Amino acid sequence: PRHATMSVSAESMASFSRALVVAGDHAVAAAAILEGNQCDDNDPAGSASLMAGGRAITNAGKDAEAVAAALAAREWDDATGPLQACASSLFSAAAALADVGSCGVAFGEAGLEIEDASLVSGCIALAAAAGPSLASAGETISSAGGAMGAHANNMAKTGGVHETAGKRLFQAGAALSEAGESLVKSGCALERGA
């Protein structure tokens, strides 16, 4: 029997998906830590907005999983709907995380790039035109990871429960940076037809 190997673009998209889910889970965990600290009204990250942002990032990861499956099947038309959904989830993350460093702006920009990629229609050969937009979105998501990490470090410096939440948020930022690198690889591979 012939075994199909997953393309580089599909493999990298799957890695992007997994890393986004990990990032979202860490952000939700950080928010839960902050939320559990009822005594402290001084909540610099806003646990509710952090929770919403984490869930939106997780949703974007789940949307990207469907994109990876479509790329693995070499069915670009099946990827455009999930790409649009992924962009929408990133717009939700942008709104929720507007006060977390430059994360909100970065997620908004990444959403626009992914939305642009979703507008490319046609067969898998034409999908190469979406590659640069996906690579650009990946770079922006990596920068969001760096911004989230810096915000997390500042949060952790305040000590106590914020230190614990900051450590989880830092992990979310690291996972976002990894996700961005994977999306860059997927976009570049798609551009060259791999």
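Structure: see above.
Residues numbered from 1 in each chain as written. Predicted model: local features only at pLDDT ≥ 70, side-chain atom pairs only at ≥ 80, totals over all residues. Heavy atoms only, no water.

**Thoughts on the overall build of the chain**
Step number 1: Secondary structure assignment for the chain yields 6 helices and 0 strands.
Step number 2: When its helices and strands are written in sequence order, the chain yields α-α-α-α-α-α.
Step number 3: The C-alpha radius of gyration computed for the chain amounts to 17 Å, which stays within 12% of the reference 16 Å derived for 194 residues, consistent with globular compactness.
Step number 4: Each principal axis of the C-alpha distribution contributes one length, and for the chain these read about 60 × 35 × 20 Å.
Step number 5: Residues counted as buried form 51% of the 194 residues belonging to the chain. (Helix = DSSP H or I, 4+ residues; strand = E, 2+ residues; numbered from the N terminus. Rg over C-alpha atoms; globule rule 2.2 N^0.38 Å. Buried < 20%, exposed > 50% of the residue type's maximum accessible area, 1.4 Å probe, protein only.)

**So, unusual backbone geometry**
Step number 1: Of note in the backbone geometry, arginine 74 takes a positive phi value of approximately 60 degrees without being a glycine.
Step number 2: When you line up the elements, arginine 74 lands in the loop between helix 2 (47-72) and helix 3 (76-96).
Step number 3: The exposure class assigned to arginine 74 is partly exposed, which follows from its relative accessible area of 42%.

**Some words on the side chain of serine 118**
Step number 1: Within the element layout of this structure, serine 118 appears in helix 4 (residues 103-118).
Step number 2: The exposure class of serine 118 is buried, given its relative accessible area of 8%.
Step number 3: Apart from residues lying up to four places away in sequence, serine 118 is in contact with Thr80, Leu83 and Gln84. (Contact = heavy atoms within 4.5 Å.)

**Re helix 5 (residues 131-157)**
Step number 1: Compared with the 39 Å implied by 1.5 Å per residue over 27 residues, the 40 Å span of helix 5 between its first and last C-alpha is a close match.
Step number 2: Following helix 5 by one or two positions, glycine 159 adopts a phi angle in the positive range, close to 80 degrees. (Expected span 1.5 Å × (residues − 1).)

**What about the pattern of salt bridges?**
Step number 1: Applying the stated rule across the entire model yields 1 salt bridge.
Step number 2: In this structure, lysine 167 engages glutamate 163 in a salt bridge whose closest nitrogen and oxygen atoms are separated by 3.7 Å. With lysine 167 and glutamate 163 both in helix 6 (residues 161-191), this residue pair falls 4 residues apart, about one helical turn. (Salt bridge = Lys/Arg side-chain N within 4 Å of Asp/Glu carboxyl O.)

**Quick notes on the packing of helix 1 (residues 8-35) against helix 6**
Step number 1: Where helix 1 meets helix 6, the closest approach of the two axes is 7 Å, and the angle between their N-to-C directions is 165 degrees. Viewed along their axes, helix 1 and helix 6 adopt a mutual orientation that is roughly antiparallel. In terms of crossing hand, the pair formed by helix 1 and helix 6 is left-handed.
Step number 2: Considered class by class, the residues forming the contact of helix 1 with helix 6 number 22 nonpolar, 9 polar and 4 charged. (Axes fitted to C-alpha atoms, helices over the stretch in contact; angles between N-to-C directions. Parallel < 35°, antiparallel > 145°, perpendicular 65-115°, else oblique. Left-handed = near helix turned anticlockwise from the far one by under 90°. Nonpolar A, V, L, I, M, F, W, Y, C, P; charged D, E, K, R; others polar.)

**Description of the nonpolar core**
Step number 1: Core analysis: the largest hydrophobic core is formed by 57 residues, its most contacted members being Met13, Phe16, Ile57, Trp76, Phe107, Ile114 and Leu169.
Step number 2: Considering each element in turn, this core owes the most residues, 11 residues, to helix 1.
Step number 3: Filtering out sequence-adjacent residues up to four positions away, leucine 169 remains in contact with Ala27, Ala30, Leu50, Met148, His151, Ala152 and Met155. (Core = buried A, V, L, I, M, F, W, Y, C linked by side-chain atoms within 4.5 Å.)

**Thoughts on the environment of aspartate 77**
Step number 1: Following the sequence through the fold, aspartate 77 ends up in helix 3.
Step number 2: Taking the C-alpha atoms as reference, aspartate 77 lies 24 Å from glutamate 181; in sequence the two are 104 residues apart.
Step number 3: Discounting chain neighbours no more than four positions away, the residues touching aspartate 77 are Ser121 and Gly122.

**Observations regarding the packing of helix 3 against helix 4**
Step number 1: Running from N to C, helix 3 and helix 4 cross one another at 165 degrees; their axes reach a closest spacing of 8 Å. If you check the angle between helix 3 and helix 4, you find them roughly antiparallel. The two elements helix 3 and helix 4 cross, and the hand of that crossing is left-handed. Seen from helix 3, the contacting residues are Trp76, Thr80, Leu83, Gln84, Cys86, Ala87, Leu90, Phe91, Ala93 and Ala94; seen from helix 4, they are Gly104, Phe107, Gly108, Ala110, Gly111, Leu112, Ile114, Glu115, Ala117 and Ser118.
Step number 2: Of the residues assigned to the contact of helix 3 with helix 4, the class counts are 13 nonpolar, 6 polar and 1 charged.

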